[in-house]
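Tertiary structure, described
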Amino acid sequence: MTDPAAHEPAWSPEGWLLGLGRSLLRWLQGWWQMLFIGAQLVVLAFSPSSWREHERGVVLRQVYEAAGPGLPGFTALMALFNVVVIRIVVVTALAYGLSQYAVDAVVRVLVLELVPLAAALFVAVEYTIPGGSDLYKLRRGGHFVRLREQGIDPLTSEVLPRVLAGMFAVVLLAAVSCAVSLVLVYLAVHGFTLAALARYNHAVGHIFNPVVTGIFCVKTVLFAGSVALLPVGNALRDLPRRTSRTSVELQGLVQMFVLMLLIEIASLVGNYY
């Protein structure tokens, strides 16, 4: 009998380094393709030809599909989550005699950090990741080729509306949830009275100084761009024959989480260092 181990290739440092180099090259190539597709979409977004009557209708329809059905449910879930977190923070602050810091802690934790992240993840799961899968199926089915034969750019008619809708949905959900969170924080700390409204406005305004507000807006937009672009960009990639669609979707999820983590770290450094 022959030893099965004799047929297995021997491990060598050169082969390991070669495999590592190929993996790194594929990783860099994937990010480069994302940047290239994003640059194309930015140019198309500012092109007048992308905003003719038919294109505007497609964008509005995608915006409704991205934000309309999920807005009530997400707002209700975030309100319930906010009530729980606010209660925990306020009771803890009162127990340690730090009630004067309760508003500051809740607003910074909920509004500045958790709400934009939750909105981005919700839109990714509910809209952009399924939308990326739909685009991949359309592309594999020859729909993009047929559009080009008719003189229609698939990036303008199919891709750009989904990306813009995903970004708008993240910004809209984050804005509505932030407003709800601020109202719930006031009610939890001061109750149903307007006597403390001026003091509360002063405290919130002190937190949202120009630097923090700018970082918050930039972070939200970058979150929106990440969850809107990466699933769609992976659907447009040319895949090796042996690469399964599931592995590419997982790669897109990893790219999205890594990019969002880097954005969050950068915002924390800008806000607190």
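Quick summary incoming for the structure in this document. Because the structure is predicted, anything quoted here is derived from the model rather than measured.

**Description of the environment of Val89**
- With respect to the helices and strands, the residue Val89 is situated in helix α3 (residues 70-95).
- Given the relative accessible area of 24%, Val89 is considered partly exposed.
- Here the alpha-carbon distance between Val89 and Val103, two residues 14 residues apart in the chain, equals 9.0 Å.

**Some remarks on helix α8 (residues 210-235)**
- Taking 1.5 Å of rise per residue, 26 residues should cover 38 Å, and α8 covers 38 Å from first to last C-alpha, within 8% of that figure.
- Maximum bend of α8: about 25 degrees, positioned at Leu229, with proline Pro231 one to four residues after it.

**Some points on α3**
- In a regular helix each residue adds 1.5 Å, so 26 residues correspond to 38 Å; α3 covers 37 Å between its end C-alpha atoms and thus fits that length.
- Taken together, the buried positions of α3 are Gly70, Phe74, Thr75, Met78, Asn82, Val85, Ile86, Val90 and Ala93.
- Looking at the buried side of α3, the elements it contacts are α2 (53-67), α4 (102-140) and α6 (154-190).
- Trailing α3 by a residue or two, Gly97 shows a phi angle of about 70 degrees, which is positive.

**Remarks on the packing of aromatic side chains**
- The final tally for this structure, using the stated rule, is three aromatic pairs.
- With centroids separated by 4.9 Å and ring planes inclined at 40 degrees, the aromatic side chains of Phe74 and Phe122 adopt a geometry described as tilted. Linking Phe74 in helix α3 with Phe122 in helix α4, this pair joins segments that are 48 residues apart in sequence.
- Judged by its relative accessible area of 4%, Phe74 falls in the buried class.
- Pairing Phe208 with Phe216 gives two aromatic rings, centres 6.1 Å apart and planes at 90 degrees, and the pair type is edge-to-face.

Rules used throughout
Residue numbers run consecutively from 1 along every chain, following the written order of its sequence. The predicted origin of the model limits local features to residues at a pLDDT of at least 70 and limits the giving and counting of side-chain atom pairs to 80 or more, whereas totals for whole chains, interfaces and linings rest on all residues. Only heavy atoms go into the side-chain values, all of them from the structure, while hydrogens and water stay out. Numbering of helices and strands starts at the N terminus; helices are DSSP runs of H or I of at least 4 residues and strands are runs of E of at least 2. Remark: exposure states derive from per-residue accessible area (1.4 Å probe, protein chains only) relative to the maximum for the residue type, with buried under 20%, exposed over 50%, and partly exposed in between. Helices are assigned an expected span. That span is 1.5 Å times one less than the residue count. To obtain the bend at a residue, axes are fitted to the seven residues ending there and to the seven starting there, and the angle between these axes is taken. In what follows, residue pairs with any heavy atoms lying within 4.5 Å of each other are defined as contacts. What counts as a ring pair is set by centres within 6.5 Å for rings of Phe, Tyr and Trp (its six-membered ring), and what kind of pair is set by the plane angle: stacked under 30 degrees, edge-to-face over 60, tilted for all other angles.

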